[in-house]
Amino acid sequence: MVDAFVSFAVEKLGDFLIQEVALRISLRQDVRWLRNELLFMQSFLKDAEQKQNEDKRVQQWVFEINSIANDAVAILETYISMAEESDDHGFASRLKACACICRKETKFYNISKEIQSLKKRVMDISRKRETYGIRDINNAGEGTSNQSAMVRTLRRTTSYIDDDHIFVGFRDVVESLLAELLKAEPRRSVISIYGMGGLGKTTLARNLYNSPTVVSSFQTRTWICVSQEYNTMDLLRNIIKSIQGRTKESLDLLEKMTEADLEIHLRGLLQECKYLLVVDDVWQKEAWESLKRAFPDSKNGSKVIITTRKEDVAKRADDKGFVYKLRFLREEESWDLFCRKLLDVQAMVPAMGRLARDMVDKCGGLPLAIVVLSGLLSHKRGLQEWQKVKAQLWRHMKDDSIEISYILSLSYNDLSTVLKQCFLYFGIFPEDHLIYVDNIVWSWMAEGFIPEGEEKTEDVAERFLNELIRRSLIQVVGTSWKTDVRCKMHDLLRDLAVQKALEVKLFDIYDPRKHSISSLCVRHIIHGQAQRYLSLDLSNLKLRSIMFLDRDFFKMDLIKFHDVFQHIYVLYLEIGSGAILPDAIGSLYHLKFLSLRGIRDLPSSIGRLINLQTLRVLNDYRHLCQLPPETANLINLRHIVALYSRPLQLSKLTSLQVLKYSCCDQWRDVDPVDLVNLQELGMYDIVNTYSLNNIGSLKNLSSLMLRCKVDESFPTLEYLHSSQKLDKLWLEGRIEKFPLLGYFPNSITMMVLWKSELMEDPMPILGMLPNLRDLDLVGAYEGKEITCSNNSFYQLEFLRLDGLQKLERWHLSTSSMPRIKGFGIHDCSKLKEIPQRMKDVAILEKLKGIDQEFGEHYRVTSLG
């Protein structure tokens, strides 16, 4: 793991020597010496990391290497910041420079002293290396480079994620629990699901919670995760916030309430409604006992679902409740699950199959153990490699089964260095948190985890994520357009990630009960009590990332951006709505990733963040953000994901690859000729009177999502013909005149037409698109029949027809759709008969709305 940090430091030192041409000779020599020494030390790290679990002195040696690497980068960044301040050669600047020359010289002198101190530390750990017998077993990094090369060659092979793989053998359980949940029983009742970690309790509860029949049956639904260490008042506050929302006034009031006040307030919110509450991961019976008084029994059929690992917790939750013990998988169910998750089942020769059967049997029917084992073996080639895995597992047998913790650790240890740090990074998010893929990928890029090369960094990062998914270390929970958009980490894997991250000082999560945080970690995570964190002594920290994931925090004035966070690359400020971002944000010279939630106005100083690659601004309800004109100066911006209200001149942003979501008002005056790298564009509030013809100038556009304002229709769509690289097209809104054959580019593989209200059958036009593989028609057609003629839809694999209320007949020729794999039909009540050939095709679920990340905000805003 530390190898990744040292590599990052070596790369930074090398770049510094190249870029700082006017560097003082003595400082250049020191930097070169430091870089060479770290490069030399890197070759010993593999042996050291293997020995550190057995020898605490070696573990300390590894920590010291990590600390030196981080300190070296921080020192150079301080130098760069000071050099930037001195670059302006105007008369006023020269006068100012003269006035403070002594102060600047003192700072440069201090930097030299710090580097001299680093040199002494390097020499000290060199001596210790020899004393501890740490050898060079790295073979010039061959193993790591081979693994990285393997990652770079991976390609995504699945089109739709099998969301219910964890329910192999459990479909009867789902139906039984769903019936119990929807039972017409007046009293408030509790359904308890219990079993050991890794059986799929949370996944099962989530499946019930999101069931369409459940969503429509309960007026209020809320979900809380309790875990081992809980605070009743915090749990009550979180439930209240999820029901009534968060405003500064309501949060201030909640903070002043006693536990009894909170119970009364929550009872009042729920008294008149039928509610469903999921209390996930309960460890002590006292946790539910302390909560249940706040949940009224209004005799209206309200329900509570509890998941727990403890039998006594499940059985004592409700004397008359329904208790279900989640069983282990049977032998054939286990084997079926293993084969489903194995990447290449056909490559498993009989000897490998027998070997795998032995290992799967020893997993004891635990789904998490089986899928992780399958993911591990998927990346081992041949019988000999599988035998090595079995030998390692058999050394840790207990009661004729394999400990789940060892399977997880073995899978983690099998990762390359760069994949280890990517995996551990998931631990920064709270337990049971749904993580947006773009968030994690762009954060990795900003942190320097993704090696620079000929290939686009985003593509490499996506394949890193894809390998973690293939190994079943990360679980996909949401897809859109064949792309994973949301994922999560099982709580047992998150426990492993947090534990390992603390060992290697990757990050530290602030725990207000300890009133302290590691000064050795360069990433601090705050899930709550941000105000208490900021009251700590943070003056000597050299943080790389700071993440405030605290929706109850408002007091931005407490954050000393320049003094404490001047070295950070990644900043999450996902806090309470209504906070004001101070001008000091502009002092974060090195910032590459900025994610904001709850902040409407960004100051003009944002334009000084010249290294910024990603800007994400998420707000609740109708709160659009105000991006200042200076945002257009951020020439290194690659991703803008924000609902912003003021027109923005985009012509300077030549590095821009993703722009979501621009309002039509803000796009009409854009000259896109310089946006040569823009690949993904999302736009809303389109009206018929605006021309979108300039979209045709975006020669590298591959994904286009357009949404009309309510009661409006699209202007002409002829410009689509010029977008010859367009792969995905989403059109939401009325289309008065459907484009003729030839107007849609042949490159399109995925298309969604939503609420198009077409009067003419679109199938004859769409059927001629030579590469169309996925088609969704949602409220798109007002006619009574559709016709798919001979040899049409030759490449189509997935089709959904949804909300075609007037459709009565579907004519499907025998040579149409020869490659169809999945089909879904929903809310087409007048359709008399489905073509016989479609009755044997796999059923698809309903299509979700556009971009779940913005969900309600995007929808509410556009409806205004």
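Residues numbered from 1 in each chain as written. Predicted model: local features only at pLDDT ≥ 70, side-chain atom pairs only at ≥ 80, totals over all residues. Heavy atoms only, no water.

## Here we look at the overall build of the protein chain
Next, step 1: Summing up its helical and strand segments, the protein chain has 29 helices and 28 strands in all.
Next, step 2: For the protein chain, with 864 residues in total, the buried portion stands at 56%.
Next, step 3: As displayed, the protein chain offers around 37,400 Å² of accessible surface, 49% of which is attributable to carbon and sulfur atoms. (Helix = DSSP H or I, 4+ residues; strand = E, 2+ residues; numbered from the N terminus. Buried < 20%, exposed > 50% of the residue type's maximum accessible area, 1.4 Å probe, protein only. Areas by Shrake-Rupley, 256 points an atom, 1.4 Å probe, with all protein chains shown as cover.)

## Comments concerning the sheet that holds strand S1 (residues 189–194)
Next, step 1: Strand order in the open sheet formed by five strands is S2-S3-S4-S1-S5, and the pairing between neighbours is parallel. The open sheet has two edge strands, strand S2 (220–227) and strand S5 (322–325), and neither has a second partner. For this sheet, the mean inter-axis angle between neighbouring strands, taken without regard to orientation, is 15°.
Next, step 2: Packed onto the sheet, helix H11 (residues 232–244) meets S2 and strand S3 (275–282) and runs at close to 155° relative to S2.
Next, step 3: Strands in contact with helix H14 (residues 285–292) are S1, S2, S3 and strand S4 (303–308); relative to S3, the strand with the most contacts, it is inclined by about 155°. (Pairing = 2+ DSSP bridges. Axes fitted to C-alpha atoms, helices over the stretch in contact; angles between N-to-C directions. Contact = heavy atoms within 4.5 Å.)

## A look at the confidence of the model for the protein chain
As a general rule, the predicted coordinates of low-pLDDT regions are not to be interpreted in detail.
Next, step 1: With 82% of its residues at a pLDDT of 70 or more, the protein chain shows a mean pLDDT of 80.
Next, step 2: The model gives residues 88–104 a pLDDT under 50, and that stretch makes five contacts with residues more than four places away or in other chains.
Next, step 3: Per-residue pLDDT stays below 50 along residues 852–864; that stretch engages in 42 contacts with residues further than four places along the chain or on separate chains. (pLDDT = per-residue confidence, 0-100.)

## Section: helix H22 (residues 437–447)
Next, step 1: Across the 11 residues of H22, 10 count as buried, placing the element largely inside the fold.
Next, step 2: When H22 is considered as a whole, its buried residues turn out to be Val437, Asn439, Ile440, Val441, Trp442, Ser443, Trp444, Met445, Ala446 and Glu447.
Next, step 3: In the segment just after H22, Gly448 is the residue with positive phi, at about 85°.

## Brief notes about the environment of Ile68
Next, step 1: Inspection of the secondary structure puts Ile68 in helix H4 (residues 56–85).
Next, step 2: For Ile68, a relative accessible area of 0% corresponds to the buried category.
Next, step 3: Once the C-alpha coordinates of Ile68 and Val122 are considered, the two residues, 54 residues apart in sequence, prove to be 7.7 Å apart.
Next, step 4: Ignoring anything within four residues of it in the chain, the contact list for Ile68 reads Leu38, Leu118, Arg121, Val122 and Ile125.

## Section: helix H13 (residues 259–270)
Next, step 1: Counted at 1.5 Å a residue, the expected span for H13 with its 12 residues is 16 Å, and the 17 Å between its end C-alpha atoms agrees.
Next, step 2: Residues of H13 that are buried include every one of Leu262, Glu263, Leu266 and Leu270, and no others. With its buried residues spanning 100° around the axis, H13 presents them on a single face. Facing away from the buried side of H13 by over 90 degrees, the exposed positions are Ile264 and Gly268.
Next, step 3: Tucked into the core, H13 has its buried residues touching S2, H11, helix H12 (248–256), S3 and H14. (Expected span 1.5 Å × (residues − 1). Arc of directions from axis to C-beta.)

## With respect to the packing of aromatic side chains
Next, step 1: Using the criterion set out here, one finds 15 aromatic pairs in the structure.
Next, step 2: An angle of 45° between the planes, with centres 6.1 Å apart, marks the rings of Tyr275 and Phe295 as tilted. Here Tyr275, found in strand S3, pairs with Phe295, found in the loop between H14 and S4; they are 20 residues apart in sequence, far enough to count as distant. Both residues of the pair, Tyr275 and Phe295, count as buried.
Next, step 3: A centroid spacing of 5.5 Å and a plane angle of 40° characterise the contact between Trp810 and Phe823, whose relative ring orientation is tilted. With Trp810 in strand S26 (residues 809–812) and Phe823 in strand S27 (residues 822–826), this pair connects stretches of sequence that are 13 residues apart. (Phe/Tyr/Trp six-rings, centres within 6.5 Å; stacked < 30°, edge-to-face > 60°.)

## A closer look at the pattern of salt bridges
Next, step 1: Counted according to the given criterion, the structure contains 30 salt bridges.
Next, step 2: Note that Arg471 and Glu467 form a salt bridge whose closest N and O atoms lie 2.9 Å from each other.
Next, step 3: Under the relative-accessibility criterion, Glu467 is labelled buried at 0%.
Next, step 4: One salt bridge connects Arg800 with Asp776, and the closest N-O pair in it is separated by 3.0 Å. With Arg800 in strand S25 (residues 798–802) and Asp776 in strand S23 (residues 774–778), this residue pair connects regions lying 24 residues apart in the sequence. (Salt bridge = Lys/Arg side-chain N within 4 Å of Asp/Glu carboxyl O.)

## Description of the pairing of strand S15 (residues 593–599)
Along any regular strand the residues' side chains alternate between the sheet's two faces.
Next, step 1: Counting buried positions over the seven residues of S15 gives seven, a clear majority of the element.
Next, step 2: Relative to strand S16 (residues 614–618), S15 runs parallel, the two sharing five bridges. Its bridge partner lying in S16, Phe593 is registered against Thr614.

## Observations regarding the environment of Pro647
Next, step 1: Of note, Pro647 is situated in the loop between strand S17 (639–642) and strand S18 (658–663).
Next, step 2: For Pro647, a relative accessible area of 52% translates into the label exposed.

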